[in-house]
Amino acid sequence: MEKENKKQKIDPICGMDVTDFSDSPEAIHNNKKFYFCSNFCHDRFKRNPEKFSKEPLVKISNVWKIFSPDHTKTEVLKGLNLHIWEGDFVVVIGPSGSGKSTTLNIVGLLDKPTSGHIYLKGKNISTLDDNERAKMRSKTFGFVFQQYNLIPWLTAYENATLPLIFSTKKASKKKNLEHLFDEIGLKERLDHFPSELSGGEQQRTALLRALANDPDILLGDEPTGNLDSVTGKKILDLLIDLHKVHKKTLLIVTHDMDIAELADQVITFKDGRIIRNHETHKKAYVK
Amino acid sequence: MLKNFLFLNLKSIRYRPVRSWLTIIGIVIGIMLVVVILALGNGIQNTVKSTLQMFGSNLIVVMPGKETNPLTSFFGGERFREKDLVALEKIPGVKFVALEDIATMNIEFDGEKKSTLIHSVQWTWMRELLEESEGIKLEQGYWPQDLNASEVILGNKIASSLFKNPVKVGEDIIIKGKRMKVAGILSPIGEQMSDNIIFMPQSIFQSLTGKRSVAMSADVKVLPGADINLIAKQVKFELSKQDVVRDFSVLTPEKTERIAGNVLSIIELVLVFIALISLIVGAVGIMNTMYTSVLERTKQIGIMKAIGATNDDVLSLFLLESGIIGLVGGILGIILGIGVAYLIGLYGNSAGIKGLFSFASLDYFGLFVILFLTFVIGVVSGLMPAKRASKMEPADALRYE
């Protein structure tokens, strides 16, 4: 298996398997040959070959996910390869059921792959036990969901600070959070319960919660999917702001092509695989 | 950590007030029963003991019926022949034998008609029995001297509350058509039956009932210093010669106490058993609530795990919650139990049964054990659902609606 993997040609930027590509651009850095899915990735590499010849922040290597609740097997991910670089704004698009959310869950350690490995800064995190996974989630990942997923019996403030209860280091983070409350503009609504908040306010609360532990990576599963376009835009602006100002790595699943156009990297899913999408790559590049 | 978890628990318990309270009530009822039994157990035993001691230490009671269960035959209607019982007086060490008999008769006062128990006595013996052994005195009036005079002595309750107007000493009441003068009224004895009885001379009792030369039972008064157990054996031997009553009991104070103690411990055992069952029902209630509430909160479990809660965090959260429910149920159950025991004690006092309940005789260590136990019951019954909740994969939990 290992030997086969070595023969595989993997785009170092997006992690796509380009073994079967006939027109893939190539580059040589430090006597090592690299293959790319498109000119977009190729150009990106050329701009900073030193960075991109190292390990990416997240590396998903040949991940399969098969659901078999009864006797029927559903292959949701079929040998997925994906790289995410630190500080990137990565958008995942594709039809429903194509494996976008499952990928997000697996990256964020909410779900286990059936086979394959996930590496965080070069460390294999797919073999961690439940406790280590929880600690890793607390330290590294912040989640924003389409359904907001706030706890109904806690106020906005209590929801936003909930991760600190389960985190080991909290004092310094609480201060940081107070500052974020100002920035995100929820200060007057902190005593309200989720049922008393609008969708946008709930999602902002969820965003605060995701940032409570100052995570390295922010994962959003259609964060604007339940919001009207104006409110969605506001949440989006906040996310982009986080990306630009706070240098957060964003991995956002969406149907919204407006978000996709703002991304550093767009990944298109179809039937459990990433398909080449030069068009979106190009769009992002032109920006 | 614990503080934060407690905070989360209280929030989530308060979010489902009806469900939480119903579960707590389930526990409360179980604990309350245990506490009432615990609180009254000692009181009942003490009350029974002191009631038995009223009969005096040098008294042998002779009754028809088996010794193992004299109470059932007491109302069975079997009677001794008078001469058999009187023969007991010849046993050395016996001071006197007081024959007793009871019957229900109609009585009339001020045009009002009631029926009550009439106790046949011999005044001289009766006076000595009551005053010396039981410490009961006349509240008003005098002890009749004449064995054949139409005079009666009333129990305290008969005089005070049987009729609309209280009966006074010197007034007449009509018993089974015969006019009788009230010679005296007894001080309260403290026991329903004795306070609601009318004492009447034996000769008149026999003429009214038509039962001649028979007696229900006899009190054998023993001389001070005599061996009461030896006399009891001789009484038994003498009685074995009579041919009317086949099964009879010769009860010394010691024996009575033992029988009463046995009966009491059986009753207590049954009550404790009932209390335990209700405690188990309460525990099943907690388990049921915890199970459904874990199912209900599957999504929230997913959220908590997604933001960094470990399996142990989730487990402790749910165990703490069920523990709190158990503890609150325990505390309320103990308070309510003591309250109910206190009310029973009050009612007992007003009915003349004293010393059923007192705060001083409460077993505080026992209460603490109960409290600890309910916490443990809560935790244990939360264990299964909490374990299930903690082991869920966050993505699966989040999908749950």
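The following paragraphs examine the structure supplied in this document. Remember, predicted model here, so these are calculated numbers, not experimental data. (Residues numbered from 1 in each chain as written. Chains lettered and ligands numbered in written order. Predicted model: local features only at pLDDT ≥ 70, side-chain atom pairs only at ≥ 80, totals over all residues. Heavy atoms only, no water.)

1. What to know about the overall build of chain B
Tallying secondary structure elements over chain B gives 14 helices and 12 strands in all. In terms of overall dimensions, chain B has a C-alpha envelope of 95 × 50 × 35 Å along the principal axes. For chain B, buried positions account for 50% of its 401 residues. Nonlocal contacts in chain B, meaning residues at least 24 apart in sequence, comprise 79% of its contacts between residues at least 6 apart. Accessible area for chain B stands at about 19,400 Å²; split by element, carbon and sulfur atoms hold 63% of it. Of the charged side chains in chain B, 40 are positive and 37 negative; the average position of the first set lies 6 Å away from that of the second. (Helix = DSSP H or I, 4+ residues; strand = E, 2+ residues; numbered from the N terminus. Buried < 20%, exposed > 50% of the residue type's maximum accessible area, 1.4 Å probe, protein only. Contact = heavy atoms within 4.5 Å. Areas by Shrake-Rupley, 256 points an atom, 1.4 Å probe, with all protein chains shown as cover. Lys, Arg positive; Asp, Glu negative; His and termini not counted. Charge placed at Lys NZ, Arg CZ, Asp CG, Glu CD.)

2. Overview of the interface of chain B and chain A
In this assembly, 29 residues from chain B lie in contact with 31 residues from chain A. Contact with chain A buries surface across chain B, with K11, I307 and E393 of chain B losing the most and accounting together for 22% of the total. Inspection of the chain B/chain A interface yields two salt bridges. Where E158 of chain A meets K11 of chain B, a salt bridge forms, and the shortest distance between an N and an O atom there is 2.9 Å. Scanning the region where chain B abuts chain A turns up six residue pairs in polar contact (both at pLDDT 80 or more). Elements that contribute at least two residues to the side of chain B that touches chain A include exactly α1 (2-15), α11 (298-306), α12 (311-350) and α14 (394-399) of chain B. No other element matches the seven residues that α1 of chain B contributes to the side of chain B that touches chain A. A breakdown of the residues in the side of chain B that touches chain A according to their chemical character gives 14 nonpolar, six polar and nine charged. (Buried area = accessible area lost by both parts, 1.4 Å probe. Salt bridge = Lys/Arg side-chain N within 4 Å of Asp/Glu carboxyl O. Polar contact = N/O pair within 3.5 Å; in protein donor to acceptor, adjacent residues only side chain to side chain. Nonpolar A, V, L, I, M, F, W, Y, C, P; charged D, E, K, R; others polar.)

3. Side note on unusual backbone geometry
At D214 of chain A, a position not held by glycine, the phi torsion is positive, near 50 degrees. Within the element layout of this structure, D214 of chain A appears in the loop between α8 (199-211) and β9 (217-221). One non-glycine residue with positive phi stands out, namely D110 of chain B, at about 60 degrees. Mapped onto the fold, D110 of chain B is located in the loop between β3 (94-109) and β4 (112-121).

4. Some thoughts on the pairing of strand β2 (residues 32-35) of chain A
With four bridges joining them, strand β1 (residues 26-29) of chain A and β2 of chain A adopt antiparallel strand pairing. Counterpart to I28 of chain A in the pairing with β2 of chain A is K33 of chain A. (Pairing = 2+ DSSP bridges.)

5. A look at the environment of Q146 of chain A
All names here are of chain A. Note on placement: Q146 falls in the loop between β8 (141-145) and α6 (156-166). Taking C-alpha positions, Q146 is 24 Å from T74, a pair spaced 72 residues apart along the chain. When residues no more than four places from it in sequence are discounted, the contact partners of Q146 are Q203, D221, E222, G225 and N226.

6. Notes on the packing of α8 of chain A against helix α9 (residues 229-245) of chain A
All names here are of chain A. One can describe the packing of α8 onto α9 by two numbers: an axis separation of 10 Å at closest approach and a directional angle of 20 degrees. By the angle between their directions, the pair α8 and α9 is classed as roughly parallel. Viewed along their axes, α8 and α9 form a crossing whose handedness is right-handed. Contact residues: α8 offers G200, Q203, R204, L207 and L211, while α9 offers T231, I235, L238, L239 and L242. Its residues placed into classes, the contact of α8 with α9 shows six nonpolar, three polar and one charged. (Axes fitted to C-alpha atoms, helices over the stretch in contact; angles between N-to-C directions. Parallel < 35°, antiparallel > 145°, perpendicular 65-115°, else oblique. Left-handed = near helix turned anticlockwise from the far one by under 90°.)

7. A few points about the nonpolar core
Most often, soluble globular proteins keep nonpolar side chains buried together rather than apart. Core analysis: the biggest nonpolar cluster contains 97 residues, and V58, F141, L162 and F166 of chain A have the highest contact counts within it. Element by element, the count of residues in this core is highest for α12 of chain B, at 11 residues. Once residues lying within four places of it in the same chain are set aside, the contact partners of V58 of chain A are L82, H83, I84, V107, I118, Y119, L120 and I217 of chain A. V144, Y148, L190 and A210 of chain A belong to the second-largest nonpolar core, a separate cluster that totals 34 residues. (Core = buried A, V, L, I, M, F, W, Y, C linked by side-chain atoms within 4.5 Å.)

8. Focus: the pairing of strand β8 (residues 178-186) of chain B
A regular strand places its side chains so that they alternate between the two faces of the sheet. Residue and element names in this part refer to chain B. Note that strand β5 (residues 138-141) and β8 share three bridges and pair antiparallel. Following the sheet pairing, G141 is matched in β8 by G184. With four bridges connecting them, strand β6 (residues 151-154) and β8 associate as parallel partners. Looking at β8, one finds that L154 is bridged to I185. One ladder, built from four bridges, connects strand β7 (residues 172-175) with β8; its direction is antiparallel. Residue pairing across strands places D172 opposite K181, the latter belonging to β8. With antiparallel pairing between neighbouring strands as the criterion, β7 and β8 make up a hairpin whose turn holds two residues, including K176 at a positive phi of roughly 50 degrees.

9. Description of helix α5 (residues 130-140) of chain A
When α5 of chain A is considered as a whole, its buried residues turn out to be R133, A134, M136, R137, S138 and T140 of chain A. The backbone nitrogen of N131 of chain A lies 3.1 Å from a side-chain oxygen of the residue at the head of α5 of chain A, namely D129 of chain A.

10. Considerations on the sheet that holds strand β7 (residues 123-124) of chain A
Residues and elements named next belong to chain A. With antiparallel pairing, the four strands of this open sheet are ordered in space as β4-β3-β6-β7. Across the chains shown, the open sheet's two edge strands, defined by having one partner strand only, are β4 (74-84) and β7. Bridge count between strand β6 (residues 115-120) and β7: two bridges; the pairing is antiparallel. Residue pairing in the sheet places L120 in a bridge with K123 of β7. Here helix α4 (residues 100-107) sits on the sheet in contact with β3 (58-67), β4 and β6, set at roughly 120 degrees to β3.

11. Quick word on empty space enclosed by the protein
Under the defined criterion, the tally for this structure stands at eight cavities of 30 Å³ or more. In this structure, the largest cavity encloses a volume near 120 Å³. What lines the largest cavity is a set of 13 residues, among which W153 of chain A together with S12, R297, M304 and L317 of chain B lie closest to the centre. Of all the secondary-structure elements, those providing two or more residues to the lining of the largest cavity are α1, α11 and α12 of chain B. Computed from the structure, the second largest cavity encloses a volume of approximately 60 Å³. Secondary-structure elements contributing two or more residues to the lining of the second largest cavity are α5, β8 and α8 of chain A. Among the elements that line the lining of the second largest cavity, the one with the most residues is β8 of chain A, at three residues. In the lining of the second largest cavity, the residues fall into six nonpolar, three polar and two charged. (1 Å grid on protein atoms, 1.4 Å probe; cavity = no way out; pocket = protein on both sides within 12 Å on 5 of 7 lines; lining within 4 Å. Points joined across faces, edges and corners; volume = space filled by probe spheres on them.)

12. Considerations on the sheet that holds strand β10 (residues 249-253) of chain A
Residues and elements named next belong to chain A. Spatially, the six strands line up as an open sheet ordered β8-β9-β10-β5-β11-β12, and their pairing is mixed. A single partner strand is all that each edge strand has here, and the edge strands are β8 and β12 (273-275). Between one strand axis and the next, the sheet turns by 25 degrees as a mean value, whatever way the strands run. Pairing of strand β5 (residues 89-93) with strand β11 (residues 265-270) involves four bridges; the strand directions are parallel. Pairing of V90 across the sheet is with Q265, part of β11. Lying on the sheet, α8 is in contact with β8 and β9; it crosses β8 at an angle near 165 degrees. Against the sheet, α9 touches β5, β9 and β10, its axis set at about 150 degrees to β10.

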